[in-house]
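# Chain and residue survey
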Amino acid sequence: MIGRGRAGTPTRRQFLAGCAGLASAAALGGCSAGSGATPPNTLNVWGGVPPGSGPAALIDAFTAAHPGTEVAYTRFVNDDRGNLKLDTALQGGVDIDVYFTYQTKALALRAESGMTLDITDRLADEPELAPFLDRDNPTAYWDGDRVRALATAAEPWFVLFNEAARERAGIPLPTRWTVQEFEEITREIRADGMFGTYEVPDSARIALGPDYWYTPDGGSNFSDPHFLEWLELGQRMIRDRVAYPWTEVLARNLDAYQHTAFVSGEFATWVNAPYSLRYLYNEKDYPHDFRVAAAPLPTAADGTGWNQGQFNNFIMINPQSPRQDLAWEFVRFWVTEGSKHMAVGGKIPTLGNVPQEEMLTSLLGPDPDRWFDVGSFRRVLFEERPHLYVDSDLTALPEITLAVEQQQDLCWIGERSPADSIASIDAQAAAAIDRYRKAA
Amino acid sequence: MTVTAPTGIPTGAPASRTGRATPPAASVAQPRAWVGWLFIAPNLVGVALFTLVPLVSVVLLSFTEWNLVSGFGGIEFVGLENFVNVFRDPGFWNSVVLTLVYAGVSVPLTTILGLALGLALNRDIPGRAALRAIFFVPYIVSVVAIGMTWLMLMNPSSGLVNQVLGALGLQDAPAWFASSYWALPALIVIAVWGGVGYAALIYLSALQDAPTQLYEAADLDGAGVWTKFRVITWPSLVPTTVFLLVTLFIGASQGFGLIALITAGGPGDATTTLPYYMYQTGFQFYRFGYASAIGMVTFLGVLALTLLTWRAQRGRALHD
């Protein structure tokens with residue numbers, strides 16, 4: 001029982017208890033409070049790239065070129081949880097001026113929900129940014145006839161070859177090949193304890209290009225035979241032990257750690273993108289004793305084809321930003337003068353405004369000839385100009401992505417036929433698109 | 001709010017025999033109530049912010065369409081539409097079935113094995129204290145450690161489980177988490193493994209409260225082990241069993257960590273139980289109104305099953 005002092009006067013213990021209670025309540029209440037107003041000359045930028053991989057140097061260059069301005073860079077991890085953090089910050093009124101979007105499904109949500117500033121008119125006033133207004137070869141995200149985001153990086157995919165395995169099999173490095181030839185070559189290159197490839201290329205994307213999940217009128221496009229061929233190709237190559245067993249991929253959660261299996265020689269070819277190259281010159285963490293060469297992505301049977309990579313790393317301005325002019329200047333700087341700083345982290349600028357050799361050095365590390373066939377990368381990444389794009393129809397994209405992933409898993413572990421899997425994806429995609437249209 | 005007079009004298013009681021007037025109740029109670037409120041303020045604020053507000057929010061959101069990114073201005077009232085859609089949604093019914101299978105198998109198994117283990121550990125065997133601690137360890141180990149360990153143990157090609165099965169002559173051992181047929185049973189095995197020690201501990205404490213005079217009387221009457229278990233032990237354990245069934249069922253119907261860590265609801269949707277389906281709907285598709293409606297329906301379902309279990313045990317306990 002708590003004692004009392006004189007009538008109505010709390011004891012010292014009561015007083016301390018009261019103070020502690022009030023302080024705790026105040027502290028909890030303060031959790032929801034913001035960190036205070038940002039000065040008008042300070043930009044708040046949220047991105048997924050670690051500051052040391054380019055953004056810090058870019059920001060230093062920006063502030064040096066714009067005396068009196070400051071930039072506060074907040075890094076979020078580009079996974080579901082990190083994107084949720086950014087979205088709650090955006091809708092909760094956290095002071096964010098400029099932010100990045102890397103996942104197409106997140107782009108869909110943010111663009112459709114009015115979280116991106118219309119920058120079409122600002123773009124039109126900048127002649128050096130004219131390529132972003134090209135609708136035939138889009139490098140920006142278009143919402144109808146308005147630009148909402150600029151892709152800051154090109155992410156072409158390619159096929160990496162374990163050179164030791166290729167030379168042992170006596171196979172010439174492909175410089176132009178079809179998906180069918182990819183299947184034949186990966187069959188030839190496999191050896192004891194080494195599969196021919198990790199995963200088959202997205203042959204439907206290669207054949208159909210942007211917005212390949214949607215028909216021209218916005219419906220589900222999964223009845224297109226290319227999707228069935230893709231699942232059949234994967235199932236056949238896994239069953240024949242040419243491609244890596246999908247049961248192992250699932251059982252080891254290998255999708256995020258493919259690089260560890262490649263450097264340990266578990267498969268000879270790897271369909272991948274530039275961001276994976278950093279593992280291949282990191283001898284300390286990923287020791288290996290073979291060099292790597294690049295072949296272009298295989299094409300469709302007629303020799304034509306899109307790359308399955310895209311223009312990506314979208315930079316966007318928050319329409320709630322009170323510093324929109326400064327934010328736009330930052331966006332402009334990022335895609336022009338600033339892009340050389342991001343190249344150090346392996347980001348190939350959309351505008352191609354970093355010299356080729358400088359870009360190659362950035363991508364292939366400090367001792368490129370030791371780990372890579374540099375000429376093959378120069379040819380695949382720059383000389384042959386991979387056919388990239390930006391998707392514009394993003395209807396029900398998160399739901400369709402999940403349906404594709406689920407059915408791909410069931411098909412490639414051999415529990416479901418490709419035809420049944422495609423029929424299921426088609427039905428789920430149609431239902432999701434229908435629901436979105438009704439809600440719109 | 002009712003405030004009890006601190007001296008234990010009922011409010012409005014007559015003056016004491018010493019002749020000193022008892023102060024009016026309110027004047028004594030008010031300052032103490034004030035202090036009391038201050039003491040519980042931190043917890044009260046915490047409960048209000050992190051339990052009550054989300055709880056009320058879920059109820060309100062379940063009648064809306066909201067994708068989070070559009071901000072609070074984007075919340076649109078849709079009445080009962082979400083609830084109607086929930087009952088028409090094949091994904092929801094799939095997750096209901098999976099949740100019932102998961103809970104319906106893992107909870108009775110955990111309870112039965114926990115009872116057996118509790119009975120065994122209640123006997124005077126060497127190393128009893130150490131054994132109790134060992135069996136309880138899985139209950140307190142981090143879900144991440146459990147998930148990663150079982151992921152390795154149940155690897156289809158290199159895992160210890162399939163190597164043992166292979167050594168025993170089983171040629172086509174299950175692919176466990178890489179099979180839509182075996183992923184849920186594998187999760188059930190882990191859930192049972194993790195829960196048996198807890199159930200045994202609860203049973204142990206109940207067994208130690210068992211009425212010894214009844215066992216002595218039964219011994220005098222020449223009752224056998226089975227008869228003593230059937231007429232004395234089991235009836236005295238009924239309330240404990242019901243407690244375990246209810247709490248384990250609620251836990252199983254909320255199970256998320258292992259699934260998120262090991263299977264992410266797959267392969268296909270083979271392990272997309274209700275909590276994971278809610279997560280997908282809310283945090284992957286950003287359909288927060290619809291996810292809230294699923295949460296409400298789940299809550300009502302679990303509540304109904306809990307009440308049914310509770311009613312079913314009435315009159316069966318030894319002391320009723």
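Quantities reported herein were computed from a predicted structural model and do not represent experimental measurements.

Once that is clear, we can look at the domain arrangement of chain A. Residue and element names in this part refer to chain A. Taken domain by domain, chain A consists of domain 1 (42-155 + 310-354) and domain 2 (158-308 + 367-438). Each partner contributes to the interface: domain 1 provides 16 residues, whereas domain 2 provides 15 residues. Of the roughly 1,400 Å² buried between domain 1 and domain 2, counting both surfaces, carbon and sulfur atoms make up 71%. Counting across the domain 1 and domain 2 interface gives zero salt bridges. At the junction of domain 1 and domain 2, the tally comes to two residue pairs in polar contact (both at pLDDT 80 or more).

Moving on: the sheet that holds strand β8 (residues 267-272) of chain A. Within a sheet, neighbouring strands are paired by backbone hydrogen bonds and run either parallel or antiparallel to one another. Residues and elements named next belong to chain A. Pairing in this open sheet of four strands is mixed, and the strands run β7-β8-β6-β9 from one edge to the other. In this open sheet, the two edge strands, each paired with only one partner strand, are β7 (195-197) and β9 (292-296). Going from strand to strand, the sheet's axes swing by 25° on average, the running direction of each strand aside. The pairing of β7 with β8 spans two bridges and is parallel. What sits directly across from T197, in β8, is T269. Where helix α17 (residues 374-383) meets the sheet, it contacts β6 (158-162) and β9, and its direction lies at approximately 25° from that of β9.

Facing 42 residues of chain B, the contacting portion of chain A comprises 38 residues. Here chain B meets chain A over a buried area of about 3,400 Å², counting both sides, of which 64% is carbon and sulfur. Of all residues in chain B, B:R32, B:V69 and B:F285 give up the largest surface area on contact with chain A, accounting jointly for 18% of the area buried on that side. Applying the counting criterion to the chain B and chain A interface returns zero salt bridges. Linking chain B with chain A are six residue pairs in polar contact (both at pLDDT 80 or more). Looking at the side of chain B that touches chain A, the elements that each hand over two or more residues are α1 (25-61), α10 (257-262) and α11 (274-284) of chain B. Of all the elements, α1(B) adds the most residues to the side of chain B that touches chain A, at 12 residues. The class makeup of the residues in the side of chain B that touches chain A is 27 nonpolar, 12 polar and three charged.

Cut-off values and rules
- Chains are numbered independently. Their residues run from 1 in the order of the written sequence.
- Following the order in which they are written, the chains are lettered starting with A and the ligands numbered starting with 1.
- Under the rules for a predicted model, residues below a pLDDT of 70 receive no local features and side-chain atom pairs below 80 are neither given nor counted, while totals for whole chains, interfaces and linings still include all residues.
- Hydrogens and water are ignored here; the side-chain numbers use all heavy atoms of the structure.
- These domain boundaries are the output of an automatic or database domain assignment.
- Whether two residues are in contact is decided by their heavy atoms, any of which lying within 4.5 Å being enough.
- Joining two parts hides part of their accessible area as seen by a 1.4 Å probe, and the buried area is that hidden amount summed over both.
- Think of a salt bridge as a Lys or Arg side-chain nitrogen and an Asp or Glu carboxyl oxygen that are within 4 Å of each other.
- Throughout this description, a polar contact denotes any pair of N or O atoms lying within 3.5 Å of each other; where both atoms belong to protein, one of them has to be capable of donating a hydrogen while the other can accept it, and for residues adjacent in sequence the pair is counted only when both atoms sit in side chains.
- At least two DSSP bridges between two strands are needed for those strands to be called paired.
- What counts as a helix is a DSSP run of H or I of at least four residues, what counts as a strand is a run of E of at least two, and both are numbered from the N terminus.
- All axes here are fitted lines through C-alpha atoms, helices being fitted over the stretch that makes contact, and every angle between N-to-C directions spans 0 to 180 degrees.
- Following the grouping adopted for this structure description, the nonpolar residues are Ala, Val, Leu, Ile, Met, Phe, Trp, Tyr, Cys and Pro, the charged ones are Asp, Glu, Lys and Arg, and the polar ones are all others, Gly among them.

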